[in-house]
Structure formats: structure tokens, C-alpha cells
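# What the coordinates show
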Amino acid sequence: MEDNNYNHFLKNVASPLDYSEGFYLVYIEVAVKTEEINKIISEHAKITSELEFGYLCESHMQAIPEIARSLSQKNHAIYQMVRLVRLTKKSDDKEVK
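Residues numbered from 1 in each chain as written. Predicted model: local features only at pLDDT ≥ 70, side-chain atom pairs only at ≥ 80, totals over all residues. Heavy atoms only, no water.

## Quick word on the sheet that holds strand β3 (residues 54–60)
Here we have 4 strands laid out as an open sheet, ordered β2-β3-β1-β4, and antiparallel in their pairing. Two strands lie at the open edges of the sheet, namely β2 (46–51) and β4 (80–87), each paired on one side alone. Averaged over all pairs of adjacent strands, the angle between strand axes in this sheet comes to 20°, irrespective of strand direction. The sheet contact formed by strand β1 (residues 23–29) and β4 spans 7 bridges and is antiparallel. Paired with Leu 25 across the two strands is Val 85, which belongs to β4. The strands touched by helix α3 (residues 63–73) are β1, β3 and β4; relative to β3, the strand with the most contacts, the crossing angle is about 135°. (Pairing = 2+ DSSP bridges. Helix = DSSP H or I, 4+ residues; strand = E, 2+ residues; numbered from the N terminus. Axes fitted to C-alpha atoms, helices over the stretch in contact; angles between N-to-C directions. Contact = heavy atoms within 4.5 Å.)

## Observations regarding α3
The set of residues buried in α3 consists of Ala 63, Ile 64, Ile 67, Ser 70 and Leu 71. One side of α3 holds all its buried residues, which, seen down the axis, span an arc of 130°. The positive-phi residue at the C-terminal boundary of α3 is Asn 75, with phi of around 65°. (Buried < 20%, exposed > 50% of the residue type's maximum accessible area, 1.4 Å probe, protein only. Arc of directions from axis to C-beta.)

## Some words on the packing of aromatic side chains
Throughout the structure, instances matching the rule amount to 0 aromatic pairs. Against the face of Tyr 24 rests Arg 83, its NZ or CZ located 5.7 Å from the ring centre. (Phe/Tyr/Trp six-rings, centres within 6.5 Å; stacked < 30°, edge-to-face > 60°. Lys NZ or Arg CZ within 6 Å of the ring centre and 35° of its normal.)

## A few points about the side chain of Ser 59
Within the secondary structure layout, Ser 59 lies in strand β3. Ignoring sequence-local partners within four residues, the contact set of Ser 59 consists of Gly 22, Phe 23, Tyr 24, Val 26, His 44, Ala 45, Ile 64 and Ile 67.

## So, the nonpolar core
The nonpolar side chains of soluble globular proteins are, as a tendency, buried together. Within the largest apolar cluster, 14 residues are counted, with the highest numbers of intra-cluster contacts made by Ile 28, Ile 37, Ile 41, Tyr 55, Cys 57, Ile 67 and Leu 71. Elements that contribute at least two residues to this core include exactly β1, α2 (35–42), β3 and α3. (Core = buried A, V, L, I, M, F, W, Y, C linked by side-chain atoms within 4.5 Å.)

## Focus on the pairing of β3
Along β3, 6 of the 7 residues are buried, which leaves the element largely enclosed by surrounding structure. Inspection of the sheet shows β1 paired to β3 by 7 bridges, in the antiparallel sense. Residue pairing across strands places Phe 23 opposite His 60, the latter belonging to β3. Of the strand pairs in this sheet, β2 and β3 are connected by 5 bridges, and their pairing is antiparallel.

## Observations concerning unusual backbone geometry
One non-glycine residue, Asn 75, lies in the positive phi region at around 65°. Within the fold, Asn 75 resides in the loop between α3 and β4.

Taken by themselves, the reported measurements are silent on function.
This is the structure we're talking about:
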């Protein structure tokens, strides 16, 4: 039987309780990109790229559920939200070891 030890993948996983100034790269997938969706996401995160079915954003951990809440309140379907990686910024260099 295959060994499913994923501990090495989980070493740098952040906590939903991360209230630091750290930013994360987040992919938000929607069916159709619109100016309204762009505006909603931009209220909580910096959109770095528009992709075929979504947006690549820089966001604080606590903004991720706010984006989901704001989109759902306006009846926009979210097909997936993926927190990809923690980004290092000048302001939080001292936190990253």
C-alpha cells in the first residue's frame, strides 16, 4: 500500500487565524468575468492577473472569506478559491524565516 504521508506538504500551510500583514497568492475562479466581480474582488484584494476563468490576486488571509461573502451576496457563483502560496513583501520580511 502507498504511503500517504503528506506532512512535508503541510509544513508551510498557513492558518485561517493568520492576522499578519502577510499576503497570499489566491486564485478565484468564476464562470464569467465582469466589471462588477472585478470591483468586488478589488475591494478586498489586489488583482494581479485576469485569467480565462478567473483572477489571480494578492490578499491577506482574512480577506479570502470576505471575497467569498461579498461575491455570494451579489449572487455571483464561485467555482473555486485556491490559496496558492504566501508572498514575501518588504513589510513582512522580518516574519519569514
